[in-house]
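Fold and contact review
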Amino acid sequence: MRKLATLQQIDKILPVENADRLEIVIVKGWNIIVQKGLYTTGDWAVFHEIDSAFRVNQEPYHSDLKERGTKKCQLETGEIIDTYVIRSLKLRGVVSQGYLVPLHSYTKEQQKFLNNHLKSDYDVTKFLNVLKFEKPETGYERDQRVKRKPKNKFQLFLFKTHKWLQKKFPNIFTSHNSEFPDFIKKTDCVRVQNCKELVWDKYVNNVPFQISYKLDGSSISVWNRNNKVGVCSRSINKNLKEITDRFVHNGNIIHNTIGEKNKYTNLCLQGELISPKIQNNFEGVSEEQVHIFSIWDIENQQYWNPQKVIDFCNANNIKHVPILEQNITLQQLFPNLTNSDELLEALLKYADGPSGIKGKYREGIVLKELVDGTSSIKVISNKYLLKNQD
């Protein structure tokens, strides 16, 4: 589960040019524009990353965020609700990412809990009921669900006559997901702003990286475990008949590689599914494609080395995510830097640029260590974040 809300100390406070009432608070690698005088260096606060979402009327967020308006958010249950969502903003020429709340803004009970756990990065997402913003499914995604069969006459009546129920509670009428398989590691990787000192250490020690384009589609994992096959999204085990048929049962290239009774078993191919019908065809493709970015060894419970993944994809005619640099150190890419802040700024600029396929522009980049292949860091383009707020 992503740490959307964490306890953090204020690292630094900077002025905003030509803004007497605002200032920039720096937490780790994030810049957050706040009301001037609200914090001092060293103060503790709850930091909420972008994509955090809060229910309407949920305090202390409602009082502060109600003027921003709401967005529809789809919960894991399938229910769609109105929420306040934290997005990237640009004010007075400064990009602000995240949302800070002083500890005194919470209830006495919440304050007691927070003060008893004052530790950097302490996760309070669940404690504070912070949601991850997920856009409601498109018609394309809903159409691929497996229709449930009514168990009795009353359910049959509901299925036929109450279409509004199907939109509000889609999981009642379709099979959406089950628990994510415990033998597969989820695909989320850490944002560079959350580990800038770690990345600086890699810079100083000349650690070689593979740098790939981050594609804007839908995360997909296709797996074969002891000749039982399946498809997962980033966090749930999909029961989408059409997708499963395409990638593990029919004549698809991936099926021919890891499908039932093929030579490769106990592997999970993880990648990005892009299509004219996904994300408004951000990547500009004419047909559905899967681009692999990692392979999880189910039997040994570890990721393959990035070079081994490329060799596997080439040998089996499977698309790999486009590569910017296959073997390069950050010192080679950005020579003569003196600290982690300079490196962070350089990486964020590097994340901007053209798409790796035919898209409008680049969503960002992903850094993967070549030594062990287990460390992945994503750098999302600020231009992308500011332009894609829906």
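Structure report, in brief.

**Focus: the overall build of the protein**
Scanning the protein for helices and strands turns up 13 helices and 27 strands. Taking all 390 residues of the protein together, 51% fall into the buried category. Expressed as a percentage of contacts within the protein between residues at least 6 apart in sequence, the contacts between residues at least 24 apart total 69%. Here the protein displays about 20,000 Å² of accessible surface, and carbon together with sulfur accounts for 48% of that area.

**Things to note about the sheet that holds strand E12 (residues 122–123)**
In space, the four strands of this open sheet follow the order E11-E5-E1-E12, with antiparallel pairing throughout. The sheet is open, and its two edges are formed by strand E11 (99–102) and E12, each paired on a single side. As paired elements, strand E1 (residues 5–9) and E12 share two bridges and run antiparallel to each other. Each bridged residue has a counterpart across the sheet, and for Leu-7 the counterpart in E12 is Tyr-122.

**Structural notes on the pairing of strand E2 (residues 12–15)**
Bridge count between E2 and strand E3 (residues 22–27): four bridges; the pairing is antiparallel. Note that in E3 the partner of Lys-12 across the bridge is Ile-26. Connecting E2 to the antiparallel partner E3 that follows it, the hairpin turn spans six residues, and Asn-18 within it adopts a positive phi of roughly 60°.

**Some details on the pattern of salt bridges**
Tallied over the entire structure, the rule returns 12 salt bridges. The salt bridge partner of Asp-341 is Lys-12, with a shortest N-O separation of 3.9 Å. One end of the pair, Asp-341, is in helix H12 (residues 340–351); the other, Lys-12, is in strand E2, with 329 residues separating them in the sequence. Using a relative accessible area of 36% as the deciding quantity, one classes Asp-341 as partly exposed. Through salt bridges that share partners, Arg-2, Glu-49, Asp-51, Arg-87 and Arg-191 make up one connected network.

**A few points about unusual backbone geometry**
The omega torsion of the bond from Glu-59 to Pro-60 falls at 5°, within 30 degrees of zero and hence cis. Position of Pro-60 relative to the elements: it lies in the loop between strand E6 (52–55) and helix H1 (61–65). One non-glycine residue, Asn-129, lies in positive phi territory at about 55°. Note that Asn-129 resides in the loop between E12 and strand E13 (131–132). Backbone geometry places Asn-281, a non-glycine residue, at a positive phi of 55°.

**Some points on the pairing of E6**
Of the strand pairs in this sheet, E6 and E13 are connected by two bridges, and their pairing is antiparallel. Directly across from Ser-52, in E13, lies its bridge partner Lys-132. Bridging between E6 and strand E8 (residues 80–85) involves three bridges; their strand directions are antiparallel. Paired with Phe-54 across the two strands is Tyr-84, which belongs to E8.

**Comments concerning the layout of surface pockets**
Taken as a whole, the second largest pocket holds about 610 Å³ of empty space. Asn-31, Leu-344, Glu-345, Leu-348 and Asn-382 are, among the 23 residues lining the second largest pocket, the residues nearest its centre. Mapped onto the lining of the second largest pocket, the elements with two or more residues apiece are E2, strand E4 (30–35), strand E10 (94–96), H12 and helix H13 (382–387). Among the elements that make up the lining of the second largest pocket, the one with the highest residue count is H12 (five residues).

**Things to note about the nonpolar core**
One finds Val-46, Phe-54, Tyr-61 and Leu-100 to be the most contacted residues of the largest nonpolar core, which totals 33 residues. Counting only elements with at least two residues in this core, the list comes to E1, E3, E4, strand E5 (44–48), H1, E11 and H13. Not counting the four nearest positions on each side in its chain, Phe-54 is found in contact with His-48, Tyr-61, Leu-65, Asp-82, Thr-83, Tyr-84, Ile-86, Tyr-99 and Val-130. Leu-330, Ala-346, Ile-377 and Val-379 belong to the second largest nonpolar core, which has 23 residues in total.

**Description of the environment of Lys-66**
With respect to the helices and strands, the residue Lys-66 is situated in the loop between H1 and strand E7 (71–74). Placed 18 residues apart in sequence, Lys-66 and Tyr-84 show a C-alpha to C-alpha distance of 7.4 Å.

**Some remarks on helix H10 (residues 306–315)**
When we look at burial in H10, the residues that qualify are Pro-306, Val-309, Ile-310, Phe-312 and Cys-313. Projected down its long axis, H10 shows its buried positions confined to an angular sector of 160°, all on one face. Facing away from the buried side of H10 by over 90 degrees, the exposed positions are Asn-314 and Ala-315. In this structure Asn-305 caps H10, since a side-chain oxygen of it lies 2.9 Å from the backbone nitrogen of Gln-307. A positive backbone phi angle near 55° is found at Asn-317, which sits one or two residues after H10.

**So, the side chain of Asn-316**
You can see Asn-316 is positioned in the loop between H10 and strand E25 (323–329). Within the local environment of Asn-316, its side chain forms a polar contact with the backbone oxygen of Phe-312, the two atoms lying 2.9 Å apart.

**Details of the packing of aromatic side chains**
Using the criterion set out here, one finds 14 aromatic pairs in the structure. Relative to Phe-47, the ring of Trp-30 lies with its centre 6.1 Å away and its plane at 35°, an arrangement referred to as tilted. Here Trp-30, found in strand E4, pairs with Phe-47, found in strand E5; they are 17 residues apart in sequence, far enough to count as distant. Accessibility assignment for this pair places Trp-30 and Phe-47 in one class, buried. Centroid distance Phe-334 to Tyr-350: 5.7 Å. Interplanar angle 85°. Geometry classified as edge-to-face. With Phe-334 in the loop between helix H11 (330–333) and H12 and Tyr-350 in helix H12, the pair connects residues that are 16 residues apart, well separated along the chain. What makes Phe-334 buried here is its relative accessible area of 11%. These aromatic residues form a ring-pair network of at least three members: Phe-54, Tyr-61, Tyr-99 and Tyr-106. Lying across the ring of Trp-304, Lys-308 places its NZ or CZ 4.2 Å from the centre. The side chain of Lys-387 reaches across the aromatic face of Tyr-361, ending 4.6 Å from its centre.

Conventions we followed
- Residues numbered from 1 in each chain as written.
- Predicted model: local features only at pLDDT ≥ 70, side-chain atom pairs only at ≥ 80, totals over all residues.
- Heavy atoms only, no water.
- Helix = DSSP H or I, 4+ residues; strand = E, 2+ residues; numbered from the N terminus.
- Buried < 20%, exposed > 50% of the residue type's maximum accessible area, 1.4 Å probe, protein only.
- Contact = heavy atoms within 4.5 Å.
- Areas by Shrake-Rupley, 256 points an atom, 1.4 Å probe, with all protein chains shown as cover.
- Pairing = 2+ DSSP bridges.
- Salt bridge = Lys/Arg side-chain N within 4 Å of Asp/Glu carboxyl O.
- 1 Å grid on protein atoms, 1.4 Å probe; cavity = no way out; pocket = protein on both sides within 12 Å on 5 of 7 lines; lining within 4 Å.
- Points joined across faces, edges and corners; volume = space filled by probe spheres on them.
- Core = buried A, V, L, I, M, F, W, Y, C linked by side-chain atoms within 4.5 Å.
- Arc of directions from axis to C-beta.
- Polar contact = N/O pair within 3.5 Å; in protein donor to acceptor, adjacent residues only side chain to side chain.
- Phe/Tyr/Trp six-rings, centres within 6.5 Å; stacked < 30°, edge-to-face > 60°.
- Lys NZ or Arg CZ within 6 Å of the ring centre and 35° of its normal.

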